[in-house]
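# Chains, contacts and geometry: an overview
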Amino acid sequence: MSFADKGGAQLYVPPGRWLTGSFSLTNHLTLFLENGAVIVASQDPSHWEVVDPLPSYGRGLDLPGKRYKSLINANMLHDVVVTGDNGTIDGQGLVWWDRFTSHSLKYNRPHLIEFILSENVIVSNLTFLNAPAHTIHSIYSSHVYIHKILAHSSPESPYTIGIVPDSSDNVCIQNSTINVGYDAISLKSGWDEYGIAYSRPTENVHIRNVYLRGASGSSISFGSEMSGGISDVVVDNAFLHNSLTGIAFRTTKSRGGYIKEIDISNIDMSRIGTAIVANGSFGSHPDDKYDANALPLVSHIRLNKISGVNIGVAGKLVGIKESPFTSVALWNVSLSMNSGCSVSWQCSYVYGSSESVIPEPCPELKRDDDDDAYGRAAV
C-alpha cells in the first residue's frame, strides 16, 4: 500500500547495508525496503539531532532534559507508509544500552521510528532490530496501522519497548511478533502534571493476532505514564510468553488520568511470572511539581478466555486506598501454576466480579454487587 495515487513519492532502499543518522519523512511518502535491505543506525551520537522533550512528559524518561531525535521521524505529517519486502531496520542499540546502564548518556535515548502529530500512518512487512529505546513510538497521532512486523531486542536490553501508542487514537496493531527487553506493547498518555495539562488520551486501540515477550517487563502494559487517560482498548487473540508479567495495569498517586473500558480476550500465556498485574504504586514522578491530589481512575477492565501454563502467580492486583480499582471482571480464566507456588492471587483496594476462574480468585473479585458485571461486556 502506498499513497502514490495522492501524488506521493516512494523512497526505495535496495538490498545492502545503509548506514545513517536520524532522518525525517515527508507527506504522502512511502519508504520501501527491499528484501535484503538493511538500514543501519549510526552509533555516533553526533549523527543524531537533539530535540526538546515531549510536552506531555516535560522531560525524558531516562534522565531530565532533552532527547536524541528518533532514527526515522514523521512530525506533523499525513499519509505516510513505512513498508517493504521484509527489509530490516537495525538500531544498533547495544552502545545506547551500555550508555544507559553506565549512566553516561548526555541526552535521552532515541527511538527507531516516531510519529508525532501525524495521521494516516502505516508500518508493515518489516523487521526491526535493537532499538535504543522504543521500536515504534506513536504520539499525538491518529489512524496508525501496524501490521506484520517483527521487533526484536535482547532480553537483557534495558527498558527497551516494542510498540508504544502514546496519546494516540484509532491505532491498530496486528499480525506481529515483538520480543524485547522490557514491555512488548505499552499504552501511554503522558506523565503527571504534564500529561494532565496536555490532556490527550490514548483511545480506540485494537490489538490482535500478536506474539509478545517483554522479558523484564510485561507482554502488554497500560501506563504507568497514563495521565491523559487510556480507554476503549480491545486486545484479542494474543500469545504472551517468557515475560515477567503478562498483562499489567500500572499507575500511582499523582498520575491523574484513567484506565477504563479495556476488553482483553482469547489470550494464551506460557512461562509468565505473574499473569495479571494491577499496580497502584508503580513508577516515579518527572519532578516535584506534581499534584498529590491527582488520583487515577482504573475501572471497567474485562478479561475473558485467558489461559496459561507455567505461571508463577495468577494475579497481583493492588489498587489505591483513596481510589480503589473497580469493575474488574474476570471470566473463563484457567492458569496452570508452577509447582511450589503457595499464593495464587494477591488483592487489595480492588473490586470486581469473576466466573469460571482457576485458580480461585481472591474475595475482592467475587463480589456480585459491582456496577458492571462480567456478563455485560461484549468481547
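Residues numbered from 1 in each chain as written. Predicted model: local features only at pLDDT ≥ 70, side-chain atom pairs only at ≥ 80, totals over all residues. Heavy atoms only, no water.

### A closer look at the overall build of the protein
Definition in use: A helix here means a DSSP run of H or I that spans at least four residues, while a strand means a run of E at least two residues long, and both kinds are numbered starting from the N terminus. The globule rule is 2.2 Å times the number of residues to the power 0.38, and the radius of gyration it is compared with is taken over C-alpha atoms. Classification of residues uses two cut-offs on accessible area relative to the type maximum, computed with a 1.4 Å probe and protein chains only: under 20% is buried, over 50% is exposed, and between them is partly exposed.
On a plain count of helices and strands, the protein comes out with two helices and 25 strands. Here the C-alpha radius of gyration of the protein, 20 Å, is about what a compact globule of 379 residues would show, namely 21 Å. In terms of its C-alpha atoms, the protein occupies a principal-axis envelope of roughly 60 × 45 × 40 Å. Looking at the 379 residues of the protein, the share that counts as buried comes to 57%.

### Quick word on the packing of aromatic side chains
Selection rule: Any pair of Phe, Tyr and Trp rings, taking the six-membered ring for Trp, is counted once the centres come within 6.5 Å. Such a pair is stacked with planes under 30 degrees apart, edge-to-face with planes over 60 apart, and tilted for the rest.
As enumerated under the stated definition, the model contains ten aromatic pairs in all. Ring centres of Y140 and Y198 lie 4.3 Å apart, and the angle between their planes is 25 degrees; this geometry places the pair in the stacked category. In this pair, Y140 is assigned in the loop between strand 13 (134–139) and strand 14 (142–152) and Y198 in helix 2 (residues 192–198), connecting sequence segments 58 residues apart. Take Y198: its relative accessible area is 29%, and that puts it in the partly exposed class. Ring pairing ties together the aromatic residues W48, Y68, W96 and Y107, which thus form one cluster.

### What about the nonpolar core?
Put simply, the rule is: Definition of nonpolar core: a set of buried residues of the types Ala, Val, Leu, Ile, Met, Phe, Trp, Tyr and Cys, connected through side-chain atoms within 4.5 Å.
Ranked by internal contacts, the top residues of the largest apolar core, which has 83 residues, are I89, F128, F222 and I264. Per-element tally for this core: the top contributor is strand 21 (residues 258–279), with nine residues.

### Overview of the environment of I178
Condition: Note on contacts: a residue pair is in contact if any heavy atoms of the two residues lie within 4.5 Å.
Here I178 is to be found in strand 16 (residues 169–180). By relative accessible area, which is 0% here, I178 ends up buried. Setting aside its immediate chain neighbours within four residues, I178 contacts A151, G162, I163, A184, I185, Y211, L212 and R213.

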